[in-house]
Amino acid sequence: MPDTYNGIGTSYLGKCKFEQDDSFVTTKWFQIVAPIFPLGSVRLRDLGSEGVPFLKRTTNYEFIEDVPLDVMQVLRTYAYTVFIVAWFGHWAFGNKPPLMRFIMITLGILLPFVLRFLSKRMSQ
């Protein structure tokens, strides 16, 4: 199972190719705060989380099988990472009106949820 310490380590990022048994394909990444390179893709089933949200949370997974590296998921993860870095740079260093900042913050927060929703709809 992936593990990080102070943002350095491995983690699962992304969910796609959902099945009827609630399993999904995810990619294990080596990360230093942001994802650096993929280590492989696996099919998992989420068994739930425990712990304090936003502080220390552990998510339990049931491993189902190794799958070939999902290149599109890797590209989406890199694209999202670039989006977040650009978004932060624009938000932190840009001189934009408050409404534009609000829109960008909202888009940055909602994007992963919208993409996951669309992925689940397309797999049905």
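Residues numbered from 1 in each chain as written. Predicted model: local features only at pLDDT ≥ 70, side-chain atom pairs only at ≥ 80, totals over all residues. Heavy atoms only, no water.

Draft legend 1. Inspection of the pattern of salt bridges at higher detail. For the structure on display, the rule yields five salt bridges. For lysine 17, the salt bridge identified is with aspartate 70, shortest N-O distance 3.4 Å. Of this pair, lysine 17 sits in the loop between β2 (8–16) and β3 (23–32) while aspartate 70 sits in the loop between β5 (56–67) and α1 (71–93), and the two are 53 residues apart along the sequence. Note on lysine 17: relative accessible area 47%, which makes it partly exposed. For arginine 45, the salt bridge is made with glutamate 62, and the minimal N-O distance between the two is 2.4 Å. In this pair, arginine 45 is assigned in strand β4 (residues 34–52) and glutamate 62 in strand β5, connecting sequence segments 17 residues apart. Within the structure, one salt-bridge network assembled from shared partners comprises Glu19, Arg43 and Glu65. (Salt bridge = Lys/Arg side-chain N within 4 Å of Asp/Glu carboxyl O. Helix = DSSP H or I, 4+ residues; strand = E, 2+ residues; numbered from the N terminus. Buried < 20%, exposed > 50% of the residue type's maximum accessible area, 1.4 Å probe, protein only.)

Draft legend 2. A look at the packing of aromatic side chains. This model, assessed by the stated rule, comprises six aromatic pairs. For the ring pair phenylalanine 24 and tyrosine 61, a centre distance of 6.4 Å and an interplane angle of 75° mean the geometry is edge-to-face. With phenylalanine 24 in strand β3 and tyrosine 61 in strand β5, this pair connects stretches of sequence that are 37 residues apart. Exposure remark for phenylalanine 24: the relative accessible area of 4% places this residue in the buried category. Given a relative accessible area of 22%, tyrosine 61 falls into the partly exposed group. If you follow lysine 15 out to its NZ or CZ, it ends over the ring of phenylalanine 24, 4.8 Å from the centre. (Phe/Tyr/Trp six-rings, centres within 6.5 Å; stacked < 30°, edge-to-face > 60°. Lys NZ or Arg CZ within 6 Å of the ring centre and 35° of its normal.)

Draft legend 3. The arrangement of the nonpolar core in detail. In terms of nonpolar packing, the biggest core is built from five residues, these being Tyr12, Phe18, Phe24, Val42 and Leu44. Each residue touching valine 42, except ones within four places of it in the same chain, is listed here: Tyr12, Phe24, Val25, Thr26, Phe63, Glu65, Asp66 and Val67. (Core = buried A, V, L, I, M, F, W, Y, C linked by side-chain atoms within 4.5 Å. Contact = heavy atoms within 4.5 Å.)

Draft legend 4. Quick peek at the pairing of β4. Examined bridge by bridge, β3 and β4 share 10 bridges and lie antiparallel to one another. Opposite phenylalanine 30, over in β4, you have phenylalanine 37 as the bridge partner. Two successive antiparallel strands, β3 and β4, enclose a turn made up of one residue, where valine 33 displays a positive phi of approximately 65°. (Pairing = 2+ DSSP bridges.)

Draft legend 5. Representation of unusual backbone geometry in the model. Positive phi, close to 50°, is recorded for lysine 17, a residue that is not glycine. Of note in this structure, valine 33 is not a glycine but carries a positive phi near 65°. Mapped onto the elements of the fold, valine 33 is located in the loop between β3 and β4. On the basis of relative accessibility, which here comes to 70%, the residue valine 33 falls in the exposed class.

Draft legend 6. Looking closely at the pairing of β3. In terms of burial, β3 is largely enclosed, as seven of its 10 residues are buried. Alignment of β2 against β3, held across seven bridges, turns out to be antiparallel. Bridging across to β3, cysteine 16 finds its partner in valine 25. Hairpin connection, β2 to β3: the antiparallel pair is bridged by six residues, and lysine 17 has positive phi, about 50°.

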